Amino acid sequence: WTRGNQTDADNSLTELAALAETAGALVLEGLTQRRSKPDPATYVGKGKAAELRDIVEATGADTVICDGELTPGQLRQLEDVVKVKVVDRTALILDIFAQHASSSEGKAQVELAQLNYLLPRLRGWGDSLSRQAGGSGGGGAGGGVGLRGPGETKIETDRRRINDKMAKLRRQLAHMRTARDVKKDVRRTREVPSVAIAGYTNAGKSSLLNRLTGAGVLVENALFATLDPTVRQARTPDGRGFTLSDTVGFVRHLPHQLVEAFRSTLEEVADSDLILHVVDGSHPDPESQISAVREVFAEIEAVDVPELIVVNKVDAADPDTLKTLRTRYPDLVEVSARTGEGVPELVTALAEALPELAKEVHALVPYSRGDLVAKVHEEGRILSEEHTGEGT
Ligand code: GDP
């Protein structure tokens, strides 16, 4: 179902497909319906729902993802028609946030949003609940037997458990907020600078990360790659170590109840030493995306972090758009993660923009973490203890 014109709908659906792929899905087919408002029963109309069921049967799809927020009732009724799991935009985005949340605050924030989403949908989700809600509860998260109070139905029990869990998460989050500022000071003095790749979903952030760390452009440290799939250890051609992290992508129409979770997963951007702001140069209006992203940088207090604008997909970009961008952002770097064009220039710009901090430490302390990383690469040995020890 779509509110806007066909182009809006197409863009939104393309983004949804990209999000679904980010979440690990294989997208088989897209379907839009133009209506003045969603069908109260099945979100898309009755006829469309039947069409959807036929597509599901023909393709063997196991999930239907809707570009919007469905009421718990719509979700259930559409599932009854298509006979496979139905996921809405909110649930999909939550899934991606969960993959990207790396700090304990980010994780707690995402879990809170997930439970909040789950609560009114309990009936529809039925048995999967004990698995969902018990996830990080630390053992004993199995069935509800024994936990059930007298006269309480399964749903009431589940609801109570979720409410308890949410209250606990809120308390934890309040504590974490106070601890955060202290931690920030510690991070500021760390030896290995961090570079955060940020930008819209589909701008090509992960393609660029792979391009930069693959094929020896910036050496990747396998040790760190296993710790967190979104963080890579790299070093500049002149040997300065830094971390390169892929952050959760910006999305259009972020459901409002996800804003907090989004911000906390983006926290690493505010804590980084340099932002590679990746922009999709082939997008019809990259400037609007840049301003939207910068607005959020301001909200998460990342405005002090130096920013390098990287216009990606130059192989597919409109020359006039590129020209306008160059005038507006004279320091931008143009690349194509696909063809590799501009990547050497990006590496140079990145090395220049990396904070001086790295150089100073390099000169003053011969065995800083950055040097150790370089050493590991040279000697091909694993010095795991040095790498996991944070407190120097
Ligand atoms: P992310 O969501 O920002 O991580 O974006 P991805 O790296 O997943 O890329 C999104 C889409 O853009 C994928 O279909 C990529 O193949 C495509 N893409 C990425 N970089 C380029 C590029 O330089 N040129 C072109 N034409 N497409 C690209």
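Residues numbered from 1 in each chain as written. Predicted model: local features only at pLDDT ≥ 70, side-chain atom pairs only at ≥ 80, totals over all residues. Heavy atoms only, no water.

Draft legend 1. The arrangement of the overall build of the protein in detail. Helix and strand counts for the protein come out as 18 helices and 8 strands. Put simply, the protein has 392 residues, and 47% of those count as buried. Summarising the internal contacts of the protein: among those between residues at least 6 apart in sequence, 67% fall at separations of at least 24. For the protein, the computed accessible surface area is about 19,700 Å², with 51% contributed by carbon and sulfur atoms. (Helix = DSSP H or I, 4+ residues; strand = E, 2+ residues; numbered from the N terminus. Buried < 20%, exposed > 50% of the residue type's maximum accessible area, 1.4 Å probe, protein only. Contact = heavy atoms within 4.5 Å. Areas by Shrake-Rupley, 256 points an atom, 1.4 Å probe, with all protein chains shown as cover.)

Draft legend 2. Representation of the site of the ligand in the model. Near the ligand lie 15 residues; those nearest to it are Asn202, Lys205, Ser206, Ser207 and Asp315. Taking Asn202, its main chain carries an N or O atom lying 2.7 Å from an oxygen atom of the ligand. At a separation of 3.2 Å, a nitrogen atom of the ligand approaches a polar side-chain atom of Asn312. In the complex, 77% of the free accessible area of the ligand, which totals 570 Å², lies under the protein chains. Per-element tally for the shell around the ligand: the top contributor is helix α9 (residues 205–213), with 3 residues. Looking at the shell around the ligand residue by residue, the class counts come to 4 nonpolar, 7 polar and 4 charged. (Near = heavy atom within 4 Å. Polar contact = N/O pair within 3.5 Å; in protein donor to acceptor, adjacent residues only side chain to side chain. Nonpolar A, V, L, I, M, F, W, Y, C, P; charged D, E, K, R; others polar.)

Draft legend 3. Focus on the nonpolar core. Among the nonpolar cores identified, the biggest contains 34 residues, and Phe97, Phe250, Leu266, Val269, Phe297 and Ala302 are the most heavily contacted of them. Of all the secondary-structure elements, those providing two or more residues to this core are α1 (6–22), α4 (89–100), α5 (104–118), β3 (194–199), α11 (259–265), α12 (267–270) and α13 (286–299). With 6 residues, the top contributor of residues to this core is α4. Apart from the residues lying within four places of it in its own chain, the contact partners of Phe297 are Ala198, Phe250, Val269, Ile275, His277, Ala302, Val303 and Glu307. (Core = buried A, V, L, I, M, F, W, Y, C linked by side-chain atoms within 4.5 Å.)

Draft legend 4. Inspection of the confidence of the model for the protein at higher detail. For the protein, per-residue confidence averages 78 on the pLDDT scale, and residues scoring 70 or more make up 74% of the total. This model gives residues 220–227 a pLDDT under 50, and the stretch forms 17 contacts once residues within four places in sequence are excluded. (pLDDT = per-residue confidence, 0-100.)

Draft legend 5. Local environment of the side chain of Gln33. Among the secondary structure elements, Gln33 is positioned in the loop between α1 and α2 (46–59). The class for Gln33 is buried, based on a relative accessible area of 14%.

Draft legend 6. Structural detail: the environment of Ala18. Checked against the element boundaries, Ala18 lands in helix α1. Taking the C-alpha atoms as reference points, Ala18 and Asn202, 184 residues apart in sequence, are found 6.2 Å from one another. Residues contacting Ala18, with those up to four places away along its chain left out, are Thr201 and Asn202.

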